[in-house]
Amino acid sequence: VFLLEDEARSQDVIEKIQSLGFEILENEQNLEEYRKKELISLRKNLLLSIVLSALIMYFEMFDTSFLSQNMQMLLSFFVIFYCGRTFFSHAIKGLKNWNLDMNTLIALGCISAFAYSFCIYLNLFEDEKHLYFSGAAMIISFVLLGKFLETNAKFKALNYQKRLNEIDIKKAKILNEA
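Parameters and conventions
- Residues numbered from 1 in each chain as written.
- Predicted model: local features only at pLDDT ≥ 70, side-chain atom pairs only at ≥ 80, totals over all residues.
- Heavy atoms only, no water.
- Helix = DSSP H or I, 4+ residues; strand = E, 2+ residues; numbered from the N terminus.
- Buried < 20%, exposed > 50% of the residue type's maximum accessible area, 1.4 Å probe, protein only.
- Core = buried A, V, L, I, M, F, W, Y, C linked by side-chain atoms within 4.5 Å.
- Contact = heavy atoms within 4.5 Å.
- Phe/Tyr/Trp six-rings, centres within 6.5 Å; stacked < 30°, edge-to-face > 60°.

(A) Fine view of the environment of K16. Note that K16 resides in helix 1 (residues 2-19). A residue is classified by how much of its surface remains accessible, and K16, at 45% relative accessible area, is partly exposed. With 81 residues separating them along the chain, K16 and N97 place their C-alpha atoms 9.4 Å apart.

(B) Spatial organisation of the nonpolar core. Counting 29 residues, the largest nonpolar core has V79, I80, C110, F133, I140 and L144 as the members making the most contacts within it. Where this core is concerned, the elements lending two or more residues are helix 2 (28-62), helix 3 (66-83), helix 4 (85-96), helix 5 (102-121) and helix 6 (133-166). Apart from residues lying up to four places away in sequence, F133 is in contact with I56, Q69, Q72, M73, S76, F114, S117, F118 and Y121.

(C) Focus on unusual backbone geometry. A positive phi angle, close to 55 degrees, is found at W98, a residue other than glycine. Along the chain, W98 falls in the loop between helix 4 and helix 5. Positive phi is not limited to glycine here, since N123 has a value of about 60 degrees. Position of N123 relative to the elements: it lies in the loop between helix 5 and helix 6.

(D) Here's a closer look at the packing of aromatic side chains. Using the criterion set out here, one finds 13 aromatic pairs in the structure. For the pair F66 and Y121, a centre-to-centre distance of 6.0 Å together with 15 degrees between the ring planes defines the contact as stacked. Here Y121 lies in helix 5 and F66 lies in helix 3, a separation of 55 residues in the sequence. In this structure F66 comes out as exposed when scored by relative accessible area, which is 54%. Consider the rings of F81 and F114, whose centres lie 5.9 Å apart with planes at 90 degrees: the pair is edge-to-face. With a gap of 33 residues between them, F81 in helix 3 and F114 in helix 5 connect regions that are remote in the sequence.

Given below as structure tokens:
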């Protein structure tokens, strides 16, 4: 009876953790593989978002044609909803559980800039002509850059710590400087 209750409780805890957007891994080896995959995915999304954001900025600054507006909208849509998809998935999970965090702010900022620019694109505001698709894409790019640098530093630190733990010290020489 106690075993079944403990298993039911642990299953409830696991479900709650997963509903908050976190993953549960079996052992430390899976953790290292997961972190490698996360780093590779972050790098790919970062590079793609930087290239596309630069293109969006080019179209915004040097070309004001209708084709330029279309390209800005399409490219920013791709940057926001493909490269930044993790922010939105974590924000939605956070909203469901009343757990608002950085992902909610990023998603809200990008959606606001994209929606406002889309309204301007559709000529809903007569006086306004400036689009902010680049701003929304740059938010994603800068935050991805920060997350990549943070994840990379953590990954390297854990590898250094692992190497230090593997060192077998049998003798030490003590130097006395007086």
